[in-house]
Amino acid sequence: MKYRYKVGCSIENLKGVRDFVRTSLVEHGVSDIDISEVVLAIDEMCSNLMIHAHQCKADDLFELYILMNKSESLVVFEIVDDGTVFDINRFHEPDLDNIIHEKRKGGLGIRLVKSIMDKIEYEQADGKNTCRLSKKVQFN
Amino acid sequence: MVQIKRIQEDGTDIIIPIGEIDASSSIELDLTIAKSVGEGFTKILIDCSTLEYISSAGLGVFMSYIEEFSDKSIKMVLFGMNDKVLNTFEILGLSELLTIVKTKDEAKQKV
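Numbering of residues begins from 1 in every chain and follows the order in which that chain's sequence is written. The naming scheme follows written order: chains are lettered A onward, ligands numbered 1 onward. Since the coordinates come from a predicted model, pLDDT governs what is reported: local features require at least 70, and pairs of side-chain atoms require 80 or more to be given and counted, while whole-chain, interface and lining totals use all residues.

Peer 1: Please explain the overall build of chain B as it appears in this structure.
Peer 2: Within chain B, the regular secondary structure consists of four helices and six strands. With the radius of gyration taken over C-alpha atoms, the globule rule is written as 2.2 Å times the number of residues to the power 0.38. Here the C-alpha atoms of chain B give a radius of gyration of 13 Å, agreeing with the 13 Å that 2.2 N^0.38 yields for 111 residues. Projected onto its principal axes, the C-alpha coordinates of chain B cover approximately 30 × 25 × 25 Å. Put plainly, a residue is buried at 20 or more neighbouring C-beta atoms within 10 Å of its own, exposed at 12 or fewer, and partly exposed in between, counting only other residues' C-beta atoms, which are placed from the backbone. Looking at the 111 residues of chain B, the share that counts as buried comes to 41%. Secondary structure elements are defined from DSSP: runs of H or I of at least 4 residues count as helices, runs of E of at least 2 residues count as strands, and each element is numbered from the N terminus.

Peer 1: Can you walk me through the interface of chain B and chain A in this structure?
Peer 2: It is common to give the size of an interface as the accessible area lost on bringing the parts into contact. Taken together, the 21 residues of chain B in the interface contact 23 residues of chain A. Counting residues per element, the ones that place at least two in the side of chain B that touches chain A are helix 2 (56-71) and helix 3 (83-91) of chain B. At eight residues, the largest contribution of residues to the side of chain B that touches chain A is made by helix 2 of chain B. Amino acid classes used here: Ala, Val, Leu, Ile, Met, Phe, Trp, Tyr, Cys and Pro are nonpolar; Asp, Glu, Lys and Arg are charged; the rest, including Gly, are polar. Taken together, the residues that form the side of chain B that touches chain A break down as nine nonpolar, eight polar and four charged. Throughout, a pair of residues is in contact if the C-beta atoms placed from their backbones lie within 7 Å.

Peer 1: Mind showing me how you'd approach the sheet that holds strand 4 (residues 119-125) of chain A here?
Peer 2: As a general point, the strands of a sheet are linked pairwise by backbone hydrogen bonds and lie either parallel or antiparallel. All names here are of chain A. The five strands are arranged 1-2-3-5-4 in an open sheet whose pairing can be described as antiparallel. The sheet is open, and its two borders are formed by strand 1 (2-8) and strand 4, each paired with just one other strand. Adjacent strand axes in the sheet meet at a mean angle of 20°, parallel and antiparallel pairs treated alike. In this description, strands pair whenever DSSP reports at least two bridges between them. The pairing of strand 2 (residues 61-69) with strand 3 (residues 74-81) spans seven bridges and is classified as antiparallel. What sits directly across from Glu63, in strand 3, is Val80. Angles here are taken between N-to-C directions and fall from 0 to 180 degrees, while the axes themselves are lines fitted to C-alpha atoms, restricted in helices to the stretch in contact.

Peer 1: Could you clarify how one ought to interpret helix 1 (residues 26-38) of chain B in this entry?
Peer 2: One full turn of an α-helix is made of 3.6 residues, so residues set three or four places apart face in the same direction. Residues and elements named next belong to chain B. One less than the residue count of a helix, multiplied by 1.5 Å, gives the span that helix is expected to have. Under the 1.5 Å per step criterion, the end-to-end length of helix 1 is 18 Å for 13 residues, consistent within 8% with the ideal 18 Å. Within helix 1, the full set of buried residues consists of Ser26, Leu29, Thr32, Ile33 and Ser36. For helix 1, the angular spread of buried residues about the axis comes to 125°, placing them on one side. Opposite the buried face of helix 1, at more than 90 degrees from it, the exposed residues are Ala34 and Gly38. In this structure, the buried residues of helix 1 make contact with strand 1 (2-9), strand 2 (12-21), strand 3 (43-47) and helix 2. At the exit of helix 1 stands Gly40, carrying a positive phi of roughly 95°. Regarding the arc, it is the one traced by the directions from the helix axis to the C-beta atoms.

Peer 1: Is there a simple way to explain the pairing of strand 5 (residues 128-136) of chain A in this structure?
Peer 2: Remember that side chains alternate between the two faces of the sheet whenever the strand is regular. Residues and elements named next belong to chain A. Of the strand pairs in this sheet, strand 3 and strand 5 are connected by eight bridges, and their pairing is antiparallel. Considered in strand 5, the bridge of Val76 is made with Ser134. Examined bridge by bridge, strand 4 and strand 5 share seven bridges and lie antiparallel to one another. What sits directly across from Lys119, in strand 5, is Ser134. Once strand 4 ends, the chain turns through two residues before running back antiparallel as strand 5, passing Asp126 with a positive phi of about 50°.

The following block contains the structure:
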C-alpha cells in the first residue's frame, strides 16, 4: 500500500502534512504513540526542507510517499524533491547545554528525527533527491 | 493554528496555548512569553491541557528562555500535558531541563 501527497513549501502546509500522515497510518491500525512520533518526525523533516532548501516558496513542490511494509512491520516514508540535499546523518547536533546557551533553535528537530526513526537514507537520481525514513511499527 | 490565551491569578501569569504549535505558529508562543516577561511577571505557568501538538520549533521557544529566566529569577512551570505532548519533551530529555508537572495546583506550588 502506497500513499502520495504533493505539497508546496509554505510552512502553513505542515498541518496538511501531519493530517495526511496521521490518516494514512490510522487506517492500518498503527498504535497512537507510534503515529504521534512519526507525525512529529515527518513534520520536522518537511519543515527543514521547506525552510532551508526552498526558503518557504509556496510554488516549490515536493512529494511525500508512505509505504506500509506489513511483512516486515515497517513503515517507510519517502520525501522527494529537487532542492539542495542536507544529509542529517552527517549533521552533528549541538548538545542541549549549547542550544540553551546560544539560544540556537536548530538541532532539536534533527535530534527528534534521529531518535524516532530507525533508518534515514538519501538517494539522488535524475535530478531528484529522495530521503527515505523507516521505522518499525506494530500493524493491527 | 494556535490560539493563545492569558489569564492572571494571584500575580501569576497563566499562558494557555490552544491547538497545535509548529514551525508556522511557534512565533505566537514566543511573543506571548516575551509579553509576559515585558509586563514584569516573575511567575509564569504554561497550561498545556489544550495543547494538542508541539514540534521542535515550539520546544525551542521554551529552551530559549531557560537562561534568561534563571538570570532574572523568573519561574516557569508547564502543566497538564497529554501523553503525546509529554513524550515529545521526553524524547529530547527536556523534562529534565524544564519544570513539568501534572496539575495546576502542583504548578502553583512550584512557582
